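Structural description and commentary
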Amino acid sequence: MIRGLKIAAAAVLLGVAGMAAAHAEEIKVGFSPEAYPPFYTQDASGKWEGWEVEIVNAICDEAKLDCVLTPIPWDGLIPALKTKKIDAIMNSMSITEERKKEINFSSKYYNTPTVVIGAKDQKFDATPEGLKGKVLGVQVSTIHAAYAKKHFGDAAAEIKEYQTQDEANQDLAAGRLDATQADSIALGDFLASDAGKACCDLKGEVAPDDEVLGLGVGAGVRKEDTALQERLSAAIKAIRDNGKYAEITKKYFDFDIYGAASQAN
Amino acid sequence: MSSESSVLTAAPRTSAWLQPHRIVLILIAAALVLASVFYMRWDWLPRYLPIAIEGIWRTIWLLVASAGLGIMLAIPLGLVQATGPKILSVPAKTFCTIIRGTPLLLQVWLLYYGLGSLFPQFPWIRESFMWPYLRQAWPYGLLALTLSFAGYEGEVMRGAFAGVARGQLEAARAFGMSRWKIFRRIWLPQAVQRALPTLAGETVLQLKATPLVATITVVDIYNVASRVRQETFVVYEPLLLLALVYLCITGIIVFAFRKLEARIPARLG
Amino acid sequence: MPAVHPSGRTKLSDFLAAVFGHGTLELLALEPPGRGAFLLLGLMNSIMIAVGATVLGLTIGIAGACGKLYGNPVIKDLCEVYTTLVRAVPELVLILLLYFAGTDLINRVLAVWGYPPADINGVVAGIFVLGVVQGAYSTEVLRGAILAIPQGQIEAARAFGMPLMLMLKRITLPAMLPFAIPGLANLWLIATKDTALLAIVGFNELTQTTRTAAGATKAYFTFFMAAGALYLALTLFSNLILGRVERWARRGLPSVGGAA
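Throughout what follows, the structure given in this document is the object of discussion. Values in this document were obtained by computation on a predicted structure and should not be read as measured data.

1. Here's the deal with the packing of aromatic side chains
Counted according to the given criterion, the structure contains 29 aromatic pairs over all chains. A ring pair is formed by Trp51 of chain A and Tyr110 of chain A, whose centres lie 5.3 Å apart and whose planes are at 90 degrees; its orientation type is edge-to-face. In this pair, Trp51 of chain A is assigned in helix α2 (residues 51–62) and Tyr110 of chain A in strand β6 (residues 104–110), connecting sequence segments 59 residues apart. Consider the rings of Trp61 of chain B and Trp138 of chain B, whose centres lie 5.6 Å apart with planes at 85 degrees: the pair is edge-to-face. Here Trp61 of chain B, found in helix α2 (residues 45–82), pairs with Trp138 of chain B, found in helix α6 (residues 138–163); they are 77 residues apart in sequence, far enough to count as distant. Residue Trp61 of chain B is classed as partly exposed on the basis of its relative accessible area of 32%. Positioned over the ring face of Tyr112 of chain B is Arg176 of chain A, at 3.8 Å from the centre of the ring. Here the guanidinium or amino end of Arg176 of chain A rests over the ring plane of Tyr140 of chain B, the centre of that ring lying 4.4 Å away.

2. Focus on the pattern of salt bridges
Counted under the stated rule, the structure contains 25 salt bridges over all chains. For Asp225 of chain A, the salt bridge is made with Arg222 of chain A, and the minimal N-O distance between the two is 3.3 Å. Of the charged contacts, one joins Lys208 of chain B and Glu91 of chain C as a salt bridge, the two residues approaching to 3.5 Å between their closest N and O atoms. Linking Lys208 of chain B in helix α8 (residues 179–209) with Glu91 of chain C in helix α5 (residues 91–113), this pair reaches from one chain into another. By relative accessible area, Lys208 of chain B is classed as buried at 5%. Assessed through its relative accessible area of 10%, Glu91 of chain C is described here as buried.

3. A closer look at the sheet that holds strand β10 (residues 179–183) of chain A
All names here are of chain A. Pairing in this open sheet of five strands is mixed, and the strands run β9-β8-β10-β7-β11 from one edge to the other. Of all the strands in the sheet, just β9 (158–162) and β11 (200–205) have a single pairing partner and so form its edges. Neighbour-to-neighbour, the strand axes of the sheet open up by a mean angle of 30 degrees, direction not taken into account. Two elements, strand β8 (residues 135–139) and β10, share two bridges in a ladder whose sense is parallel. Looking across to β10, one finds that Gly137 is bridged to Thr180. The strands that helix α6 (residues 165–174) touches are β7 (114–119), β8, β9, β10 and β11; relative to β10, the one it contacts most, it runs at about 150 degrees.

4. Brief notes about the environment of Phe39 of chain A
Residues and elements named next belong to chain A. With respect to the element layout, Phe39 can be found in the loop between β1 (26–31) and β2 (41–42). The exposure class of Phe39 is buried, given its relative accessible area of 0%. Residues Phe39 and Thr112 lie 73 residues apart in sequence; the distance between their C-alpha atoms is 12 Å. What Phe39 contacts, discounting residues up to four positions off in sequence, is Glu49, Gly50, Trp51, Glu52, Val53, Ser92, Tyr110, Asp183, Ile185, Ala186, Phe253 and Ile257.

5. Notes on the environment of Gly36 of chain C
Relative to the assigned elements, Gly36 of chain C resides in helix α3 (residues 36–70). Taking the relative accessible area as the measure of exposure, Gly36 of chain C reaches 6% and is therefore buried.

6. A closer look at the nonpolar core
Trp109 and Tyr222 of chain B are the most contacted members of the largest nonpolar core, which has 140 residues in total. If one sorts the elements of this core by residue count, α8 of chain B sits on top with 12 residues. Among residues more than four places away in sequence, those in contact with Trp109 of chain B are Gly114, Thr215 and Ile216 of chain B together with Ala199, Ile200, Thr207, Arg211 and Phe224 of chain C. Ranked by size, the runner-up nonpolar core spans 36 residues in total, among them Tyr36, Ala186, Leu228 and Leu232 of chain A.

7. Brief notes about the interface of chain B and chain C
Between chain B and chain C, the residue contacts involve 43 residues of the former and 44 residues of the latter. Both sides together, the interface formed by chain B and chain C hides about 3800 Å², and carbon and sulfur atoms give 77% of it. The tally of links from chain B across to chain C stands at two salt bridges. Our count for the contact surface shared by chain B and chain C stands at eight residue pairs in polar contact (both at pLDDT 80 or more). Broken down by secondary-structure element, the contributors of at least two residues to the side of chain B that touches chain C are α1 (20–39), α3 (86–101), α4 (104–116), α6, α8, α9 (221–232) and α10 (237–263) of chain B. Its residues placed into classes, the side of chain B that touches chain C shows 27 nonpolar, 10 polar and six charged.

8. Quick look at the interface of chain C and chain A
Across the contact, 28 residues belong to chain C and 28 residues belong to chain A. Summed over both sides, the interface between chain C and chain A buries roughly 2600 Å², with carbon and sulfur atoms accounting for 65% of that surface. At the junction of chain C with chain A, the criterion picks out two salt bridges. Residue Asp166 of chain A is joined to Lys218 of chain C by a salt bridge in which the shortest nitrogen-to-oxygen separation is 2.7 Å. Our count for the contact surface shared by chain C and chain A stands at four residue pairs in polar contact (both at pLDDT 80 or more). Those elements giving two or more residues to the side of chain C that touches chain A turn out to be α3, α5 and α9 (206–217) of chain C. Of the residues forming the side of chain C that touches chain A, the biggest block, seven residues, is contributed by α5 of chain C. Across the side of chain C that touches chain A, the residue classes break down as 15 nonpolar, eight polar and five charged.

9. Quick notes on a nonpolar patch on the surface
All names here are of chain C. Taken together, Leu177, Phe237, Leu240, Ile241, Val245 and Trp248 make up a surface patch of nonpolar side chains, about 580 Å² in accessible area. Of all the elements, helix α10 (residues 220–249) adds the most residues to the nonpolar patch, at five residues. Relative to the helices and strands, Val245 resides in helix α10.

Basis of the calculations
Residues numbered from 1 in each chain as written. Chains lettered and ligands numbered in written order. Predicted model: local features only at pLDDT ≥ 70, side-chain atom pairs only at ≥ 80, totals over all residues. Heavy atoms only, no water. Phe/Tyr/Trp six-rings, centres within 6.5 Å; stacked < 30°, edge-to-face > 60°. Helix = DSSP H or I, 4+ residues; strand = E, 2+ residues; numbered from the N terminus. Buried < 20%, exposed > 50% of the residue type's maximum accessible area, 1.4 Å probe, protein only. Lys NZ or Arg CZ within 6 Å of the ring centre and 35° of its normal. Salt bridge = Lys/Arg side-chain N within 4 Å of Asp/Glu carboxyl O. Pairing = 2+ DSSP bridges. Axes fitted to C-alpha atoms, helices over the stretch in contact; angles between N-to-C directions. Contact = heavy atoms within 4.5 Å. Core = buried A, V, L, I, M, F, W, Y, C linked by side-chain atoms within 4.5 Å. Buried area = accessible area lost by both parts, 1.4 Å probe. Polar contact = N/O pair within 3.5 Å; in protein donor to acceptor, adjacent residues only side chain to side chain. Nonpolar A, V, L, I, M, F, W, Y, C, P; charged D, E, K, R; others polar. Patch = residues over 30% accessible without salt bridge, like charges linked within 9 Å, V, L, I, M, F, W, Y side chains within 5 Å. Areas by Shrake-Rupley, 256 points an atom, 1.4 Å probe, with all protein chains shown as cover.

Okay, structure coming up:
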């Protein structure tokens, strides 16, 4: 029986090592399996679709990489990248100084403003005075959570952190939150849905804070993977130049989501 | 099981903790702890200490409240399954089966997000007196934990009630004691005594179930550790500290139950 | 909005429609646009992970129980530390620690040997993590079951000069089965429910697929109830099978009376 156990252990180790025979140019791209329309959402047959999914596929095609989409919960993305579970993060993760201490980013591939939406029957704006005494919901480990804690931490009655933005939207529709702060496109999509139309409206854009809100969304890579960082940045530039970016964007938005050209990256 | 010392040995035993292999192991453990203190990142600790203490308090409060309320619910559930008429025992058994057959995480999410998705359909809920509580997350966490504890303990109490010697109950009835008196003086105390060792283990399991409420935004110690991990990007240290906190609370629970069992006169059988 | 009668009370059917959302059956259908196939896929994954974790847990449990009973004092202490730690720390924390630390360790070991990092897929990682947790509980169950074997059989085997492994294979393991089955049945049920915790680390099992489907369709109540029904079906089915297995294992033995 000991012999059997030894054979089994050897088989497991061989299997693990065998799986490690790397395919050329295959990278694992981490993304969070939550509904974040219109950037990514899962349709009934299980395929992930959305603007970001198409852009990621375009970037990978351009960079001649075989990107394997690996689902990892949002708050586990950076640890997974650092422990080499995944090789890149392409999941609407903003480029911020705080994150740049841990990982590197490619150049940005979109930049959109941050807004606050809230219950329809309450009149307030997206400032500390407006949010005084309100219950604000944000997604954990996002620039919005950092911004809310820095600027609205004293004013708001409570800042609740959710695993996904979708859950925060649900609680807003249910009336447990007075407001939520997130990306303008994602919240715009929520406001256009039935639940959003019934409950909430746009309260306004938050005051800018580049340090916390970052300079757009880029692909995250490990600090030592400078080659991959350059390839992804080059691919992003290439799809901007050859029109693929505009072609995909036209399907979803009627404006250029790239945002103003930034100095950084 | 072999006994450690023969009855005939007169020489005193050295303390079990000072045997050579134990000393070596304790030294290795101490070395690991010191290495982790000096080589791992603990600079986040002072900043997060206040909220961590609040988180520990909330965890303990949730544990005590859900266990207390749960056992109060479990006693009727168990009693009704041990004796009661079918019309009461069948729903009780169904409740226990459903609670024990589905994961607690699913129950928590069903209560919080499932019920939450119903609120927009019934606007009158917002005017009701319950709204301040329905708005917050901890009532749902407390309710889910209480129902879960009641479901599992209902089964334990059923066995305990069924295990009390029938002769005692019959003798009490023969003495003319009312049913409530029998329950209060004979049945319940003996059933609790039978169940106490199991209840100690179940309370530890309840402690291990409390982190699940962190997923519905209740700020317990697990939520605080998650927050630390996200804001500082430190991967392992908060989890190690979290494990230590839970180990300590488990130790306290086991100690408390042992004291409780010692107070009850031990009777075998 | 549910229809309101002149008397002010809403009809029961409108209430049910409001609760479950219109088109519940369509949402749960097996073909797209229904997401029922997804839930079943998640259920398959859950079952696979639970089976793998139970098998791994049993293996670790046998080793641990033997270590605790027959090992030298150092092995006994190490096994005791293992079971105490794993049974005192919440599964959620253990899953996170094992997931990140475990795969990190394996990758570093592979790097030392010169292999590139291993691609450990979700099911294998889930099985590893839950298996280690189940191993601690299995150790205690098996230890109790082995201690319940009439000592005479073990002493007779020793008197015959059987080596430990042969005795284990021929006498100990078969004899302890009737005592171990209730505890192991319980462990199986715990394993099926603990797979739900893997949703926190994103594995594609039933609870995670339910959450994603609910998020995409906003029909939270429907999907969570459906997932609950699936788990309940799995539990009841398992109880049926395990009840028969227990009756088979206990054949010829006096029946256990009374308590749970």
